[in-house]
Number of protein chains: 2
Amino acid sequence: MTTRRNFIRNTSIAGLGLVAVPGFANTSFSAADKLNIGLIGVGLRGTNHLQNLLLRKDVNVTAICDLDDNRIAIAKKHIAEAKGKVPKVFGANDLDYKNLLALQEVDAVIIATPWLWHTRMTVDAMEAGKYAGVEVSASNTLEECWDLVNTHERTGTHMMILENVNYRRDVLAVLNMVKQNVFGEMVHYRCGYQHDLRHVKFNDGKTAYGKGVEFGEKGISESKWRTNHSVKRNADVYPTHGLGPIAVMADVNRGNRFVSMTSHASKGIGLHNYIVKEGGKDHTNANVKFKQGDVITSTIDTANGETIIITHDCNLPRPYSLGFRAQGANGLWEVDGSRIYVEGESEPHKWDEAQPWLDKYDHPLWKKYGEYALNAGHGGMDFFVLNSFVESAKQNIAPPLDAYDAAAWSAVTPLSEVSIANNGEPQDFPDFTRGLWMKRTPYQWMKEMY
Amino acid sequence: MTTRRNFIRNTSIAGLGLVAVPGFANTSFSAADKLNIGLIGVGLRGTNHLQNLLLRKDVNVTAICDLDDNRIAIAKKHIAEAKGKVPKVFGANDLDYKNLLALQEVDAVIIATPWLWHTRMTVDAMEAGKYAGVEVSASNTLEECWDLVNTHERTGTHMMILENVNYRRDVLAVLNMVKQNVFGEMVHYRCGYQHDLRHVKFNDGKTAYGKGVEFGEKGISESKWRTNHSVKRNADVYPTHGLGPIAVMADVNRGNRFVSMTSHASKGIGLHNYIVKEGGKDHTNANVKFKQGDVITSTIDTANGETIIITHDCNLPRPYSLGFRAQGANGLWEVDGSRIYVEGESEPHKWDEAQPWLDKYDHPLWKKYGEYALNAGHGGMDFFVLNSFVESAKQNIAPPLDAYDAAAWSAVTPLSEVSIANNGEPQDFPDFTRGLWMKRTPYQWMKEMY
């Protein structure tokens, strides 16, 4: 097992310019320096991370955990094919992950489990001294948001929220434009998760996607656990794919913060309609009352005077869009229509096609590793978020997307729920930094290492 | 002067199919049957209406009113060129319009004056028994909204809010799609006024648009009165171009109503920046504090469970967009990106280009009169809104966009102001129909007469 000291030593080497590329390619890390990773949850998402990890020369996957023997078998097969050492296996019961966390041969964990487990497992990981990466969204309640922050502060262990969209090529190019002041002082943002998930929330209990109207006990994969959140909660239950990128552009928790928010839910008819259409009106699930509105609109006020609209739109037929807008005093980007306007550069009152701007401001990371990342199976944005996690964990330094970010972004779920239940009443965001947002400086996003 | 009785008689003729086309073209109306119209306000907008009226064979412009002699001269010249009778002229002082309203030879008036006069003049017109058309937005305060409704109900005189965007070709095609249930049960709408008005809010006191940073006493045209609303009010002061079309799609006041709303304002920096950039930091107006946020976001809950997002975005550099979305259980239209998705028709998860859909569902009115309307000088959507006003006034029947609509749409301004001032606190809409929305049936929009 590599010690923290080793990582710090290696960091200082990197700082001297002796390490030119990170560990996924040629590297100065010896086998002894490898980061030992445990995977908690090797469902579809966890397996995706596993496959990307197995391509790296600077990590060992030393342990895996899942309740589903089939998923364990698949993961072991992947590891064997990559000529990795046979991992220790956990999953005998719901809490067996704690035995994984007790292993000496685990430095860091990646948590890709159902939402209700995210905070519990991340907290336990930090308590065990394991550098923790957690899939989105991180928390279900405000108390859980605080659990992440308080545990991080008390233990000194780091956690990262693994928001891959923060590493999308257009998102990082626009972040570059924001940082270079192309849009001027920022004023307004939009984002959201607009993704027809009906084929994900329901299946036939055999295939994960595309068929059937079962969920919960009779479903498999995401339908087994995710759909219940649509039954029970009228809230934006999945805010981070949109809000994560915007929070970084707006320096949230680093000179800015979310102050308050109102939320509105439309009627919820999409999931019921889908059940009736695909399963017939006599199917048992046609009687299920879904609390979740089909389109949920939240508007945040920030300390620096920007507004942010977040949309959750996952129950109706529609093409995918994260609905991004980043708007400043000199211009704006809109992902819908793929367009950018910059005063003094664009023809007055006419949109530019976004792509030439995105190419011009391509992020250093994508310039350097884009070709590798985009090769089949290397994950695209997933490569970058994982790379950031591994590099941060190797150095045992604070990751770009930390406990405060995980807490602030995830707080949208419980706050939207209360606002909706109270006719759109504004809800204050807790200041998870306890005032430190005023002195925390923006993360240095424009480097090319990770 | 044509009496109401004449109009009603003519209507019944029309009902028998004896009048094939409305009065703007060949018509059975004799000169004696013409609608006598007075124009209150012949600035740029009023003159536009005047020019379109002068093309019609079924109206006389019998009186005009404006405080500005230059505008009166221009209007008289247009009337003379169209071989119209010399109109009576008013404008000796702020209240001289009341003398116009006292004329026997005025059946109807069109009010195109600064916003602060809209409700006062419309109320006075109804009191005088004149069928009143008022430019957008109709009211500045909630009390004014009630004034429109109460005066209409007490006098029995009709008023129409002249929202031209309700007659935009794409808007009417989408309305047609909504009415034909192409999108299924409706769930969510978006709209707004996103228009860089900096060149309108400021000028050099000589030319209306494009130069200078003066406003108020030193400005001319819109900058003379409109800009002050950005100085004094942090509110969505111009909601109807977006909300009017959506309100009709949602049957607001006719089986549905606006229930409550929250509003958020971003910081306001656009107008100050513009003054500094164009006029220098030492220009007197660089000291003006503008209360209005640059991007104002309001979200309405309706009685039928839809949500509607309205945007006001007029102080920053950006290309024009009204930002429409109409989303239902089976699909949606988004004006940004010009795209439509209809489940079962579109390729799954892929947008269709909107235009073929809009062509297919082209509104009967546009099919019939589109070519005429689009000919140079005939106004496009302005032709249709004016045609609707004239035809409704000739028959002295309730117009498609009535006092209840004017009140409900305009209420967004004062309600957004209070919500913003109270951290996004939800504001209830008054029920301007006093409960009648439950039994009022949707207006029959799909006819081809007006």
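A quick note: this is a predicted structure, and the numbers were derived from the prediction, not measured.

Rules of the game
- Residues numbered from 1 in each chain as written.
- Chains lettered and ligands numbered in written order.
- Predicted model: local features only at pLDDT ≥ 70, side-chain atom pairs only at ≥ 80, totals over all residues.
- Heavy atoms only, no water.
- Helix = DSSP H or I, 4+ residues; strand = E, 2+ residues; numbered from the N terminus.
- Rg over C-alpha atoms; globule rule 2.2 N^0.38 Å.
- Contact = heavy atoms within 4.5 Å.
- Areas by Shrake-Rupley, 256 points an atom, 1.4 Å probe, with all protein chains shown as cover.
- Lys, Arg positive; Asp, Glu negative; His and termini not counted.
- Charge placed at Lys NZ, Arg CZ, Asp CG, Glu CD.
- Phe/Tyr/Trp six-rings, centres within 6.5 Å; stacked < 30°, edge-to-face > 60°.
- Buried < 20%, exposed > 50% of the residue type's maximum accessible area, 1.4 Å probe, protein only.
- Lys NZ or Arg CZ within 6 Å of the ring centre and 35° of its normal.
- Disulfide = S-S within 2.5 Å.
- Salt bridge = Lys/Arg side-chain N within 4 Å of Asp/Glu carboxyl O.
- Pairing = 2+ DSSP bridges.

Novice: Account for the overall build of chain A, naming residues and giving values.
Specialist: What chain A contains, in helices and strands, is 17 helices and 15 strands. The globule rule puts the C-alpha radius of gyration for 450 residues at 22 Å, and the 22 Å found for chain A is close to it. Dimensions along the principal axes, computed over C-alpha positions, put chain A at roughly 60 × 55 × 40 Å. Long-range contacts, defined here as pairs at least 24 residues apart, represent 73% of the contacts in chain A between residues at least 6 apart. Surface accessibility of chain A: about 16,600 Å² in total, with carbon and sulfur atoms responsible for 51%. Across chain A, the centroid of the 49 positively charged side chains sits 4 Å from that of the 52 negatively charged ones.

Novice: Pulling in residues and values, what's your account of the packing of aromatic side chains?
Specialist: One pass over the full model with this rule turns up 40 aromatic pairs over all chains. Considering the side-chain rings of phenylalanine 258 of chain B and phenylalanine 429 of chain B, the 5.2 Å spacing of their centres and the 50° angle between planes classify their relative orientation as tilted. Residue phenylalanine 258 of chain B is found in strand 8 (residues 258-265), and its partner phenylalanine 429 of chain B is found in the segment after strand 15 (427-428); the two are separated by 171 residues along the sequence. Phenylalanine 429 of chain B matches phenylalanine 258 of chain B in its accessibility class, with the two residues each being buried. Each member of the aromatic cluster is reached from another via a ring pair, and the members are Trp115, Tyr193, Trp225, Tyr238 and Tyr320 of chain A. Taking the ring centre of tyrosine 450 of chain A as reference, the NZ or CZ of lysine 447 of chain A above it sits at 4.4 Å.

Novice: Hey, could you go over the state of the cysteines for me, with residue numbers and the actual values?
Specialist: All names here are of chain A. Counted by the stated rule, this structure contains zero disulfides over all chains. In this model cysteine 191 remains outside any disulfide bridge; the closest cysteine sulfur is found in cysteine 314, 13 Å from its own. Classification of cysteine 191 by relative accessible area gives buried; the value is 3%.

Novice: Run through unusual backbone geometry, naming residues and quoting values.
Specialist: Residues valine 136 of chain A and serine 137 of chain A are joined by a peptide bond in cis, for which omega reads -15°. Looking at the secondary structure, you find serine 137 of chain A in the loop between strand 5 (131-134) and helix 6 (142-155). One non-glycine residue with positive phi stands out, namely lysine 83 of chain A, at about 60°. Here lysine 83 of chain A is to be found in the loop between helix 3 (69-81) and strand 3 (88-90). Positioned with a positive phi, asparagine 181 of chain B is a non-glycine residue whose angle comes to about 70°. Following the sequence through the fold, asparagine 181 of chain B ends up in the loop between helix 7 (169-179) and strand 7 (186-194). The class of asparagine 181 of chain B is partly exposed, set by a relative accessible area of 48%.

Novice: Any chance you could break down the pattern of salt bridges for me, citing the residues and the numbers?
Specialist: Scanning the model with the defined rule gives 62 salt bridges over all chains in all. A salt bridge links aspartate 313 of chain A to arginine 318 of chain A, with the shortest nitrogen-to-oxygen separation between them at 3.2 Å. Classification of aspartate 313 of chain A by relative accessible area gives buried; the value is 0%. One salt bridge in this structure joins glutamate 153 of chain B and arginine 434 of chain B, with 3.5 Å as the shortest N-O distance. With glutamate 153 of chain B in helix 6 (residues 142-155) and arginine 434 of chain B in the segment after strand 15, this pair connects stretches of sequence that are 281 residues apart. One salt-bridge network, held together by shared partners, links Asp313, Arg318 and Asp336 of chain A together with Arg325, Glu334 and Arg339 of chain B.

Novice: Talk me through the sheet that holds strand 12 (residues 331-334) of chain A; I want residue IDs and the actual numbers.
Specialist: All names here are of chain A. If you trace the nine strands from one edge of the open sheet to the other, you get 14-13-12-11-7-10-9-8-15, paired in mixed fashion. Since the sheet does not close on itself, it has two edges, and those belong to strand 14 (352-353) and strand 15 (427-428), each with one partner. Examined bridge by bridge, strand 7 (residues 186-194) and strand 11 (residues 325-328) share four bridges and lie antiparallel to one another. Note on strand 11: the bridge partner recorded for methionine 186 is glycine 328.

Read these as layout, nothing more, since geometry by itself doesn't imply function.
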